[in-house]
Amino acid sequence: MPPKPSANSLNQQDSDWDTVLDDVASRLSDTIAKHGPESVMFYVSSQLLTEDYYVANKLMKGFIVSNNIDSNSRLCMSSAVAGHNRAFGADLVPGNYTDFEACDLLVLVGSNMAWCHPILFGRFLQAKQDNPNKKLIVIDPRRTDSCEFADLHLPIAPGTDTHLYNGLLKYLEEHGCTDAEYASQCDGVESAVTAADSWDIESVAKATQLDAEKIEQFYQLVAANDKTVTAFSMGVNQSSSGTDKVNAIINSHLLTGRVGKKGAGPFSLTGQPNAMGGREVGALANLLAGHLQLDIAEHRQSVGKFWQSPQPIAPKVVVKACDVADAILDGKVKAIWIVATNPVVSLPEADKFRQALAACDLVIVSECSKDSDTLRCADIVLPAQSWSEKSGTVTNSERRISRQRSLVTGVGDSKPDWWIFSQVAKRMGFKGFDYIEPSEIFLEHAALTSHENSKYPRQLDLMAELEKHNQPYDSMSPLQWGGQYIDVIASDFQHAKPKLVAITPPRQAGDVNRFSPINDNNKTKSKAEKQTKQNNLGLGLTQNVDDGLKLRLITGRLRDQWHTMTRTALAPKLNQQQTVPTLTLHPQDAEALGVNNNDFVSIKADILQV
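Described in the following lines is the structure provided in the data block. Since the structure is predicted, the reported quantities are computational estimates derived from the model, not experimental observations.

1. As for the environment of Asp371
Relative to the assigned elements, Asp371 resides in the loop between β9 (362-367) and β10 (380-383). In this structure the C-alpha to C-alpha distance between Asp371 and Arg567, which are 196 residues apart in sequence, comes to 9.6 Å. Within the local environment of Asp371, its side chain forms a polar contact with the side chain of Arg376, the two groups lying 2.8 Å apart.

Shown next as structure tokens:
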């Protein structure tokens, strides 16, 4: 698709900051005046610093007065957020990175940790080398690099994590592994155990397509090791049943009391540098700042009072990231501001989203890259600074806040995202955005986490943490809010009792697509044709063909690429590990389809190309 005719980017029309900021503010204000606050959408990213995130969320929810701000964390971490909230009453990870060294058993679920979190994985491997009695179990449909170090690999059928973990809950309960004292301080134990009661090892084996012996071996290892860490990532989160998968994992830890203890606990591995910082400031459509709850009127009033919002914060969640294409095409969203992400490639139904941007009245993109698929759909491009050019904070997977200091001067006229949002807010006539330094924003964010904390208690209280830390912002060393471990049954835990969630595994989890070799006329090939080597082979997705080969299409990631290659592809060395998009097949499936190594393959559906 060619760039939009009005684009101020890609060798089109240059301008200056004052002119562009006035234009952005004017056009957003006009859109809101004509179509209401819900006609504007911000789509932001966990590559932002917390200060950037905070200002964007404050502008949208507190002053534009709409909840139409969502992050690309919607694609990777929203299941974990919902699961944590259901289990703990807050979005928090009770454990610590040192648990990976202290545990006796590490279970990876839907995580190729060797590629995606190599430093942390290296810490575990060093501990395992020092103590070979430590065990590693990998639960993943694919055999990844992480499996090369595993004592046990469970290649489950995609989507059957809840079946496997319901079976584990039943096994633990029947084999006397319940920590009765701990479980008595949790809600939902009986209903969760009852929901799991039908999942004996044979039923689990049938659903997951695993050998019963391997399942029993897995269950025995978990039962025998109090110091068990279960680390989960995108293979769990990126699923239509992702939240249930998260809670099925957490259930097994709550039942056995293995939460927030040295070497034990469920551990959500985030997909981006500041996925947790964005959640702390509430930058998802269904979240509120400071770990307060959007669906509670008193919480909305508290945040609105702190921000001195001109109107009450809206209670309704209108548009989330995966809904935005339809919202634009239906005429509900008239203006969208995309920041530090490339949704034209990364969103589900990406082609539809590209079409939606072409139809959208106003598309603003803040980006540090020179070119991307999303930039080519923009009306206005704002040159934002990259992480190495700006200063602020990020929060990692273990709740540790780190100061990030700029390494280089920003290129050209590029500016930090918090500055861009603040300038637009002021030009829209809003007060409370006169920030000069990122430290002012961080301290305001910290103050909000402490605001009315005695009235609406929550574990996240950054002012209290800063007082204990006793370091100024500019020289602040990393601090872990909540302490090294969060004891979710302690008397001073600031949320409701932890809860086990009754899980009903989805019936469709075991469904497959059926594939068969096809020719150019979309007809099934003869046996003779199947035996003929094809340099160009189409794989037809034929869901209603009984004799088709049963396959599941699942996604992974490339070891050396990230963020749809908008940054990493600029480094020639990083393009050497995998030079072309690759479809990986089991050798037996490849033989049945007539596919040889290094063949070019297309994957076609009846209507859409997958």
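Alright, that's what it looks like, and here's the rest.
2. A closer look at a nonpolar patch on the surface
On the surface, Trp387, Leu407 and Val408 cluster together into a nonpolar patch covering about 350 Å² of accessible area. As for its position among the elements, Leu407 is in the loop between β12 (400-404) and α20 (417-427).

3. Quick word on the sheet that holds strand β11 (residues 392-395)
Spatial strand order, β11-β12-β13: 3 strands in an open sheet with antiparallel pairing. Here the strands that pair on one side only, and so sit at the sheet edges, are β11 and β13 (479-480). As paired strands, β12 and β13 are joined by 2 bridges and run antiparallel to one another. Note on β13: the bridge partner recorded for Ile401 is Leu479.

4. Focus on helix α11 (residues 201-208)
Listed as buried for α11 are Ile201, Val204, Ala205 and Thr208. End-on, the buried residues of α11 take up no more than an arc of 100°, which puts them together on one face. Set apart from the buried face of α11 by more than 90 degrees, the exposed residues are Glu202 and Lys206. In this fold, the buried residues of α11 make contact with α8 (161-174) and α12 (212-224). A positive backbone phi angle near 60° is found at Gln209, which sits one or two residues after α11.

5. Quick look at the side chain of His153
Mapped onto the elements of the fold, His153 is located in strand β5 (residues 152-154). At 2.8 Å, the side chain of His153 and the backbone oxygen of Asp140 are in polar contact. Within the structure, the side chain of His153 is placed 3.3 Å from the backbone oxygen of Arg142, a separation counted as a polar contact.

The rules we used
Residues numbered from 1 in each chain as written. Predicted model: local features only at pLDDT ≥ 70, side-chain atom pairs only at ≥ 80, totals over all residues. Heavy atoms only, no water. Helix = DSSP H or I, 4+ residues; strand = E, 2+ residues; numbered from the N terminus. Polar contact = N/O pair within 3.5 Å; in protein donor to acceptor, adjacent residues only side chain to side chain. Patch = residues over 30% accessible without salt bridge, like charges linked within 9 Å, V, L, I, M, F, W, Y side chains within 5 Å. Areas by Shrake-Rupley, 256 points an atom, 1.4 Å probe, with all protein chains shown as cover. Salt bridge = Lys/Arg side-chain N within 4 Å of Asp/Glu carboxyl O. Pairing = 2+ DSSP bridges. Buried < 20%, exposed > 50% of the residue type's maximum accessible area, 1.4 Å probe, protein only. Arc of directions from axis to C-beta. Contact = heavy atoms within 4.5 Å.

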